[in-house]
Each structure stands twice: as C-alpha cells, then as structure tokens.
Amino acid sequence: VSTFVNAVADWYCRFEHQTPPDRIFIYVCMFCNNQWRLLGDQTPQTAYLRDAFESRLKWLKARGGAMIVLLDTWNKPRYTTRLWCLWEVYLARRLEVPLQFAMPPAEAQTFKA
C-alpha cells in the first residue's frame, strides 16, 4: 500500500500545477476490474472488461487526461510482467491517450543516481 500511496503522492506533487485538484480523477483498475477474467475464455464478462476499460480511456482522453503507469521499481517493475498491464499501455497508445509515470520517490532517486 505504501508503494501506491507514495507514488501517487509524488505524481500529484509533480503535476498538480497542471490541473486543479477538483479536476483530478484517479481510476484504479485493480479495484474496479476482475482482471483474472481476461485470462479465460472470451465470455461476455471478458468483453465487458475490455469495453469498459476502453470507454474509460476514451472518456479520459476527451477531457485532456492521461493514464498513470505506476511502477514499483525502475529496473524491474512488476507492471511489465503482467499481461493486463501491458494491454492497458497498448490500448492507451492505440487511442493516443498520454502516459505519465509514477514511482515512489525513493525509487525515483535511485533511478536518477
């Protein structure tokens, strides 16, 4: 939990001057989507998850928003080991939704070093 909180807090500090706080909307797919369903057969639930995420990205793009990619580490992020996460990036790029990256400040410091 601290990785998530620290990364999002750091992201907010870097981007708060670009967007008023009351216009920031953070959608965390792992809390909203049962991603394990995507690994099974193509069922109506799988199609729903796919369509729901795509519609959320389109909504975000229409409002000038960006997708935040949360990395736990810079050298071997778990994000890049999960098929769903890679698919999220693929879909965001296909829809031309900007990407912004966030990681805990301590990890960002080791990247800069």
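Residues numbered from 1 in each chain as written. Predicted model: local features only at pLDDT ≥ 70, side-chain atom pairs only at ≥ 80, totals over all residues. Heavy atoms only, no water.

Enquirer: Explain the overall build of the protein to me, please; I cannot follow it from the model alone.
Expert: Summing up its helical and strand segments, the protein has five helices and two strands in all. The helix and strand sequence of the protein, counted from the amino end, reads α-α-α-β-α-β-α. Partitioning the contacts of the protein with sequence separation of at least 6, the portion at a separation of at least 24 is 68%. For the protein, the computed accessible surface area is about 7800 Å², with 59% contributed by carbon and sulfur atoms. (Helix = DSSP H or I, 4+ residues; strand = E, 2+ residues; numbered from the N terminus. Contact = heavy atoms within 4.5 Å. Areas by Shrake-Rupley, 256 points an atom, 1.4 Å probe, with all protein chains shown as cover.)

Enquirer: What is the right way to look at the pattern of salt bridges in this model?
Expert: If the charged atoms of two oppositely charged side chains come close together, the side chains can form a pair. In the structure shown here, the tally under the stated rule is five salt bridges. Between Asp-72 and Arg-78 there is a salt bridge, with its nearest N and O atoms 2.9 Å apart. Judged by its relative accessible area of 61%, Arg-78 is exposed. Residues joined by salt bridges that share partners form a network here, namely Glu-54, Lys-58 and Arg-94. (Salt bridge = Lys/Arg side-chain N within 4 Å of Asp/Glu carboxyl O. Buried < 20%, exposed > 50% of the residue type's maximum accessible area, 1.4 Å probe, protein only.)

Enquirer: Help me out: how do you make sense of the packing of aromatic side chains in this one?
Expert: Two aromatic rings are characterised by how far apart their centres lie and by the angle between their planes. Per the stated rule, a full pass over the model turns up five aromatic pairs. An angle of 45° between the planes, with centres 5.8 Å apart, marks the rings of Phe-53 and Trp-87 as tilted. With Phe-53 in helix H3 (residues 44-62) and Trp-87 in helix H4 (residues 83-94), this residue pair connects regions lying 34 residues apart in the sequence. Exposure remark for Phe-53: the relative accessible area of 5% places this residue in the buried category. Pairwise contacts between aromatic rings join Phe-53, Trp-84 and Trp-87 into one cluster. (Phe/Tyr/Trp six-rings, centres within 6.5 Å; stacked < 30°, edge-to-face > 60°.)

Enquirer: Please clarify how the layout of surface pockets should be interpreted in this entry.
Expert: Over the atoms, a rolled probe matching the size of one water molecule traces out where space is still vacant. Computed from the structure, the largest pocket encloses a volume of approximately 1400 Å³. What lines the largest pocket is a set of 40 residues, and nearest its centre among them are Ile-26, Tyr-27, Val-28, Ile-68 and Val-69. Looking at the lining of the largest pocket, the elements that each hand over two or more residues are helix H1 (2-15), helix H2 (29-32), H3, strand E1 (67-70) and H4. Grouping the amino acids of the lining of the largest pocket by side-chain chemistry returns 25 nonpolar, seven polar and eight charged. (1 Å grid on protein atoms, 1.4 Å probe; cavity = no way out; pocket = protein on both sides within 12 Å on 5 of 7 lines; lining within 4 Å. Points joined across faces, edges and corners; volume = space filled by probe spheres on them. Nonpolar A, V, L, I, M, F, W, Y, C, P; charged D, E, K, R; others polar.)

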